[in-house]
Amino acid sequence: MNGPADHRRQPDARLDEALMGTALTIGRHNLGIAWPNPAVGALVVRHGAAGPVILGRGWTAAGGRPHAEPVALAAAGAAAAGATLYVTLEPCSHYGRTPPCTDAIRASGVARVVAAIEDPDPRVAGRGFTLLRASGIEVTVGPGAELARIDHAGHIRRVVSGRPHVLLKMAASSDGKAGLEGRRPVRITGPAAQAQVHLMRSQADAVLTGIGTVLADDPQFTCRLPGLLDRSPVRVVLDSALRLPLDSALVRSREVAPLWVVAGIDAPTEPELALRELGIEVMRVADGADGGLALDETLRLLAMRGITRLMVEAGPRLASAVLTADLVDEAALFTGPAPLGAAAIEAFEPLALEAMNHHLIETDTRRHGDDLLRILRRR
Ligand SMILES: NC(=O)c1ccc[n+]([C@@H]2O[C@H](COP(=O)([O-])OP(=O)(O)OC[C@H]3O[C@@H](n4cnc5c(N)ncnc54)[C@H](OP(=O)(O)O)[C@@H]3O)[C@@H](O)[C@H]2O)c1
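Residues numbered from 1 in each chain as written. Predicted model: local features only at pLDDT ≥ 70, side-chain atom pairs only at ≥ 80, totals over all residues. Heavy atoms only, no water.

**Comments concerning the overall build of the chain**
And then number 1: A count of helices and strands for the chain gives 13 helices and 16 strands.
And then number 2: Since a compact globule built from 379 residues should have a radius of gyration of about 21 Å, the 23 Å found for the chain is in line with a globular shape.
And then number 3: With the C-alpha coordinates of the chain rotated into their principal frame, the extents come out at 70 × 45 × 40 Å.
And then number 4: Out of the 379 residues belonging to the chain, those deemed buried represent 51%.
And then number 5: Summarising the internal contacts of the chain: among those between residues at least 6 apart in sequence, 72% fall at separations of at least 24.
And then number 6: Accessible surface for the chain amounts to roughly 16,700 Å². Of this, 54% is attributable to carbon and sulfur atoms.
And then number 7: Looking at the chain, you have 41 positive and 42 negative side-chain charges, and the mean spots of the two groups are 4 Å apart. (Helix = DSSP H or I, 4+ residues; strand = E, 2+ residues; numbered from the N terminus. Rg over C-alpha atoms; globule rule 2.2 N^0.38 Å. Buried < 20%, exposed > 50% of the residue type's maximum accessible area, 1.4 Å probe, protein only. Contact = heavy atoms within 4.5 Å. Areas by Shrake-Rupley, 256 points an atom, 1.4 Å probe, with all protein chains shown as cover. Lys, Arg positive; Asp, Glu negative; His and termini not counted. Charge placed at Lys NZ, Arg CZ, Asp CG, Glu CD.)

Here is the structure:
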């Protein structure tokens, strides 16, 4: 039997925060594979005399649909009538590839909707809340907002700025170096930090690197944590002249996760055809004002393809270029315990360090084994 309906009780702000915390946690389930949509979490809760009872839960499916709300409402079934729906982002109100979530919510008979934040997507932007309120549903906005803005940073950046949220990862030695003399690779961090990097990859829609790293390290940029290979991100290489070797680990692992190559306008067509033959996508962009391929144009192309969360795992050249262009929203800076010596290459160019200090601020510090991880976010 159903307990008392939510609308007959006074909303409890602390309980709303706690339940939104749960909705945010389950919403993270498909972070990295829900793109082009945000990874949303939803809970249908009945506030009975003995406390809250979760009747249904849902999160955005891989590829972006179904959305979290209809999944949670379907799980709750008829019991949703009179209950509260907790959702980490404003429900959509427009016809996309699926009917609007506001229709499903109204049909379910829920009495109250608690949402963490408004969806800045101009097709929604408060319209979802207006529609729900017009149907007599009580709407509360705000619980869990701070965390929701972090979880949905990719979606927000894409709809507001037309580019993905950019997370820059860099590992530096205790003396600030990222590679050996002659751009030879070197292991800087230990297994715990490396596992953390793989976890970050699993929550990224795509990883962006430069051809310098590909030629030096022959990386895969897949997620090789046990059982998470299918969470590997799209791999994107900036390669002006299409020097990417066909026998590179990136090309060989093309069945594990898509590989996209960004080439210059003048790159030869032969390697492009060879790559295309292997199912690798090649796109071309013009050079930027500061040399190298235009980064703003590259990020716009990725956003147009649906990428919301981009992790940059590159050498000092590309890492410095994204910082200097003020395209970094978040940085994960690992520092290993050992120095590499004066002849090794600096992790960042001086202008990039200046930009980092100017635009980003440290928000968290953690240890992963012998390595230090500092998290910086846009001020
Ligand atoms: N410690 C770490 O976290 C880490 C991570 C990765 C790599 N590494 C090390 O870094 C070294 C390689 O460094 P790197 O600086 O040469 O590699 P990178 O930054 O990954 O690649 C740089 C190359 O990318 C291409 N590129 C195209 N557009 C660009 C743009 N707008 N800005 C910058 N680059 C652009 C350029 O080559 P084209 O002109 O041919 O397009 C450029 O030379 C190796 O020693 C590697 O082991 C360290």
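**Overview of the environment of Cys 101**
And then number 1: Within the secondary structure, Cys 101 is located in helix α3 (residues 101-108).
And then number 2: Residues Cys 101 and Met 283, spaced 182 residues apart in sequence, show a C-alpha to C-alpha distance of 35 Å.
And then number 3: Leaving out residues up to four positions away in the same chain, Cys 101 has contacts with His 67, Glu 69, Pro 70, Pro 91 and Cys 92.

**Regarding the packing of aromatic side chains**
And then number 1: Enumeration according to the criterion identifies 1 aromatic pair in this entry.
And then number 2: Residue placement shows Arg 305 over the ring face of Trp 260; its charged tip is 5.9 Å from the ring centre. (Phe/Tyr/Trp six-rings, centres within 6.5 Å; stacked < 30°, edge-to-face > 60°. Lys NZ or Arg CZ within 6 Å of the ring centre and 35° of its normal.)

**Observations regarding the site of the ligand**
And then number 1: Taken together, 29 residues sit near the ligand, with Ala 171, Thr 213, Asp 217, Ser 240 and Arg 243 positioned nearest.
And then number 2: Lys 169 places a side-chain nitrogen or oxygen 3.2 Å from an oxygen atom of the ligand.
And then number 3: In the model, an oxygen atom of the ligand is placed 2.9 Å from a nitrogen or oxygen of the Arg 183 main chain.
And then number 4: Secondary-structure elements contributing two or more residues to the shell around the ligand are β6 (165-172), α8 (211-217) and α12 (316-324).
And then number 5: For the shell around the ligand, the element with the most residues is α8, which contributes 5 residues.
And then number 6: For the shell around the ligand, the per-class residue count stands at 15 nonpolar, 7 polar and 7 charged. (Near = heavy atom within 4 Å. Polar contact = N/O pair within 3.5 Å; in protein donor to acceptor, adjacent residues only side chain to side chain. Nonpolar A, V, L, I, M, F, W, Y, C, P; charged D, E, K, R; others polar.)

That's the geometry; what it means functionally is another story.
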